[in-house]
Amino acid sequence: MASASDKNRRLLMDLLETDGNGNCVDCGVAEPKWASSTLGVFVCHSCSGLHRNISQISRVKSIFMDPWEAEEVKFIASAGNNAAVAKYEQKIPAFYYRPTNTDCMLLREQWIRAKYERKEFIFVDRQEPYSAGYREGFLWKRGRDNGQFLSRKFILSEREGALKYFNKQDAREPKAVMKIQNLNASFQPSKIGHSHGIQITYLKDNSTRNIFVYHEDGKEMVDWFNAIRAARFHYLQVAYPGAPDTVLVPKLTRNYLKEGHMEKTGPRHTEGFKKRWFTMDDRRLMYFKDPMDAYARGEVFIGSKENSYTVLAGLPPTTQGNHWQFGITIVTPDRKFLLACETEADQQGWIAAFQKVINRPMMPQEYAVEAHFKHKP
Ligand SMILES: [Zn+2]
């Protein structure tokens, strides 16, 4: 005879089949195998670990391995993922970043804390740290010369359309003024070597500049990130009046299409191959001597196939010098770029990233960007 616990487990498994419960309520990954007996939601293994950090609010157990009480199952049946979304996600600002299972641990942890612990999306006044249009505070910023992190004051002002930082606490003049118009921020924990690390990029004289920052407190760092997104959202709403949120939200911040080491040679193709760190930021291919350099050694615009851009596996047979085995040739209207990867997997990954933008027709504003690249010395 089946035990009461087995019966409860079967009821839970039936609930998994009902609407909304087939995906993790927090990150969306399919087939969750854990449930919270106090929140009444189904979560994936990875998110269940983050629920343990808020054990006073969420008690998680494995659907298949742990014993279940009839009362717990009854509560989960009365709640479920859809009900939890309706309650805990009722007032999420359009600009707020919703992490998925591929995002870093910090973003996912703070998302879960924001929802259930701080209830930020039930009580709108708790969103002030990122929705007020102004934010100031100290961040650890990586110094350009020795790579040490130093405490720096940052001010984000939607009204001024800028993020600024100051080298001295009492300094009147900011060390840098980064326009919200071309600001980007992305979490880069492994590159920066800190689980809260963010890379902020902006354009100066039409070249990309990087700074690397973190805050010891995870909530503060994610609040900064969402404050930047909020400022970008309001900037874009003014720049593109009437554009729907679905068009603007993907433009707020972006992750890189691909990053990693490749070798490259110079414009004459006789300079010898040098190992560089490459970053593919939408149509902008940049290369750096060090992954955390403040600015790129070079930037290449990658247009579309309609405009005579092509990517090919391999290198021309006349290629000189020692280089990694797996070549890539990028053909642009001006010249060929010869690159080499250490492994075939790297080569395939880079070709896929290049093809993604080459196969996408260029938008009118991208022609202006392309023209700017051509006028560079
Ligand atoms: Zn999950």
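Bear in mind that the values here come from a model prediction, so they are computed numbers and not experimental data. Note on numbering: residues in each chain are counted from 1, in written sequence order. A pLDDT threshold of at least 70 governs which residues receive local features in this predicted model, and a stricter bar of 80 or more applies before side-chain atom pairs are shown or counted, although totals over entire chains, interfaces and linings include all residues. To obtain the side-chain values, all non-hydrogen atoms of the structure were included, while hydrogens and water were left out.

## A closer look at the UniProt feature "domain: PH" (unreviewed entry) in the protein chain
UniProt positions are given in the numbering used here, feature names are shortened, and annotations may be inferred rather than shown by experiment. The UniProt record annotates "domain: PH" (unreviewed entry) at residues 132–233 and 255–359. Secondary structure follows DSSP: runs of H or I at least 4 residues long count as helices, runs of E at least 2 residues long count as strands, and numbering of each begins at the N terminus. Counted over residues 132–233, helix gives 20% and strand 45%. Its end C-alpha atoms are 13 Å apart. Secondary structure over residues 255–359 splits into 14% helix and 38% strand, and the C-alpha atoms at its two ends are 19 Å apart.

## Description of the packing of helix α1 (residues 4–16) against helix α3 (residues 70–78)
To obtain each axis, a line is fitted to C-alpha atoms, and for helices this fit is confined to the stretch in contact; angles are then taken between N-to-C directions over 0 to 180 degrees. Between α1 and α3, whose axes approach to 10 Å, the crossing angle comes to 10°. Put simply, α1 runs roughly parallel to α3. The interaxial crossing formed by α1 with α3 has left-handed handedness. On α3, the residues that touch N8, L11, L12 and L15 of α1 are A70, V73, I76 and A77. Convention used here: angles under 35 degrees read as roughly parallel, angles over 145 as roughly antiparallel, angles from 65 to 115 as roughly perpendicular, and any remaining angle as oblique. Note on convention: the crossing is left-handed when the near helix lies turned anticlockwise from the far helix by less than a right angle, right-handed when the turn is clockwise. Any pair of residues with heavy atoms lying within 4.5 Å of one another is described as a contacting pair.

## Observations regarding the environment of V25
Structurally, the position occupied by V25 is in the loop between α1 and β1 (34–36). Relative accessibility under 20% of the residue-type maximum defines a buried residue, over 50% an exposed one, and the middle range a partly exposed one, all with a 1.4 Å probe and only protein chains included. A residue is classified by how much of its surface remains accessible, and V25, at 10% relative accessible area, is buried. When the C-alpha atoms of V25 and A84 are compared, they prove to be 8.1 Å apart, with 59 residues separating the residues in sequence. V25 has contacts with V41, F42, V43, N81, V85, E89, K115 and Y116, leaving out every residue within four places of it along the chain.

## What about the sheet that holds strand β13 (residues 284–288)?
One open sheet accounts for seven strands, arranged β14-β13-β12-β11-β17-β16-β15; its pairing is antiparallel. If you trace the sheet from one side to the other, it starts and ends with β14 (298–301) and β15 (310–313), each paired once. Adjacent strand axes in the sheet meet at a mean angle of 35° when their direction is disregarded. Strands were regarded as paired on the criterion that DSSP finds at least two bridges between them. Direction of pairing for β13 relative to β14: antiparallel, over a ladder of four bridges. Counted as the bridge partner of L285 is V300 from β14. Sitting on the sheet, helix α10 (residues 344–358) is in contact with β11 (258–264), β12 (274–281), β13, β15, β16 (326–331) and β17 (336–341), with an inclination near 110° to β11.

## What to know about the packing of aromatic side chains
Think of it this way: a Phe, Tyr or Trp ring, Trp meaning its six-membered ring, pairs with another when their centres are within 6.5 Å, and the plane angle makes it stacked under 30 degrees, edge-to-face over 60, tilted otherwise. One pass over the structure, following the stated rule, counts 17 aromatic pairs. With 5.6 Å between their ring centres and 40° between their planes, F278 and Y287 make a pair best called tilted. Neither F278 nor Y287 differs from the other in exposure class; each is buried. Among the aromatic residues, ring-to-ring pairing joins F95, Y96, W111, F121, Y130 and F233 into one connected group. The criterion is that NZ of a Lys, or CZ of an Arg, lies within 6 Å of the ring centre and within 35 degrees of the ring normal, and then a charge sits over that ring. Sitting over the ring of W68, K61 keeps its end group 4.5 Å from the ring centre.

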